[in-house]
Amino acid sequence: MPGLYPVTFGEVELLRDLDRQDGWVLSKDGVPQSYVDLQDPTFLEFEYVRLMADVIDLLPDGPLSCVHVGGGACTIPRYVSATRAGSRHIVVEPDGLLVNLVREQLDLRSVPRLKVIVAGGREGTAKVWDETADLVVLDAFTGATMPVELATAEYMGDLARILRPGGTLLINLADGKGLAFAKRLLATVTGTFGHVALMAEPGIMRGRRFGNLIVAASRTELPLELLSRRAAGGLTQARCVHGEALTNFIAGAAPIRDGDAIIAPVPPPAVFG
């Protein structure tokens, strides 16, 4: 089972976690894409995934209707199904061979009520009905780079379309020194959603090193106090920025629109060894 596997867009590697019997890392081009524990889907190895789980845990009790843009090994769908029985998932993933690999080698069939749309993010989202999602998770990367077409105001509008009025959007992005891309993406999200928070480890939040930042957005109020407390209580004591502090973070950056000449940041080689 460990080894290199051809997929639609290149090749991925499955690596066993030597510390956990049923832990697996899905890696592409040397970049870890997903971690799953097949026996304990509530175990989340990556800190940024734990930040997303913090937001999900604070949503109203009960099953969730979820749309996931970017599949990988489906870590978040597994987590939600384990913690909220009866949840439903639509996963939008452009790599059909990757979906087959995860289904066969990483037991994707064990996740109930999960449907995969094999399509790019925008094409797949367009197939989802209006106001049907409680939660949308945008976690789509080409290698270590977020596709810019999934960071535009036009696409944020389409994600807002499929969310129920009280629904929540979660975005995983990556940025480094200066955080120019993150600031423009936050300007884009705040143009569509009235309530937005940004979470990251302090060193990443200050632009001192490259890493993942999590955006939570909704048209209704977010549980900011509880979210700030949970983020600060994690292993890395992440910060949660919102309100005036978020406005200061954005610092007048322009929203991203379709056709803008913008390049998503690429991590320095040392990030992944």
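Residues numbered from 1 in each chain as written. Predicted model: local features only at pLDDT ≥ 70, side-chain atom pairs only at ≥ 80, totals over all residues. Heavy atoms only, no water.

- Under an unreviewed UniProt entry, the protein has the name Spermidine synthase and belongs to Nonomuraea rubra.

1. Quick word on the pattern of salt bridges
- Evaluation of the coordinates by the stated rule reveals 14 salt bridges.
- When the shortest N-O distance is used, the salt bridge between R122 and D258 registers 2.8 Å. Taken together, the residues span a long stretch of sequence, with R122 in helix α4 (residues 121-125) and D258 in the segment after α9 (243-250) at a distance of 136 residues.
- E225 is the partner of R229 in a salt bridge, and the nearest nitrogen-oxygen pair spans 2.9 Å. Remark: E225 and R229 occur in helix α8 (residues 224-232); sequence separation between them is four residues, near one turn of the helix. You'll find R229 and E225 in the same group, each marked exposed. (Salt bridge = Lys/Arg side-chain N within 4 Å of Asp/Glu carboxyl O. Helix = DSSP H or I, 4+ residues; strand = E, 2+ residues; numbered from the N terminus. Buried < 20%, exposed > 50% of the residue type's maximum accessible area, 1.4 Å probe, protein only.)

2. Focus: unusual backbone geometry
- You will see that D29, though not glycine, has its phi angle at about 55 degrees, which is positive.
- One non-glycine residue with positive phi stands out, namely C74, at about 65 degrees.
- Locating C74 in the fold gives a position in the loop between β5 (65-69) and α2 (75-83).

3. Quick notes on the sheet that holds strand β1 (residues 3-7)
- The antiparallel open sheet is built from four strands, whose spatial order is β1-β2-β3-β4. This sheet does not close on itself; its edge strands, each paired only once, are β1 and β4 (31-37). Going across the sheet, the axis of each strand differs from the next one's by a mean of 25 degrees, ignoring polarity. (Pairing = 2+ DSSP bridges. Axes fitted to C-alpha atoms, helices over the stretch in contact; angles between N-to-C directions.)

4. A closer look at the environment of L222
- Mapping L222 onto the fold places it in the loop between β11 (211-218) and α8.
- Residue L222 is classed as buried on the basis of its relative accessible area of 12%.
- Setting aside residues up to four positions removed in sequence, L222 forms contacts with T168, H195, V196, A197, A216 and A217. (Contact = heavy atoms within 4.5 Å.)

5. Brief notes about the packing of aromatic side chains
- What the rule picks out here adds up to three aromatic pairs.
- Judged by centre distance (6.3 Å) and plane angle (65 degrees), the rings of Y35 and F46 are edge-to-face. Highlighted residues: Y35 in strand β4 and F46 in the loop between β4 and α1 (47-57), separated in sequence by eleven residues. Of the two residues examined, Y35 and F46, each falls in the buried class.
- Just above the ring of F43 sits the side chain of R20; from NZ or CZ to the centre is 3.5 Å. (Phe/Tyr/Trp six-rings, centres within 6.5 Å; stacked < 30°, edge-to-face > 60°. Lys NZ or Arg CZ within 6 Å of the ring centre and 35° of its normal.)

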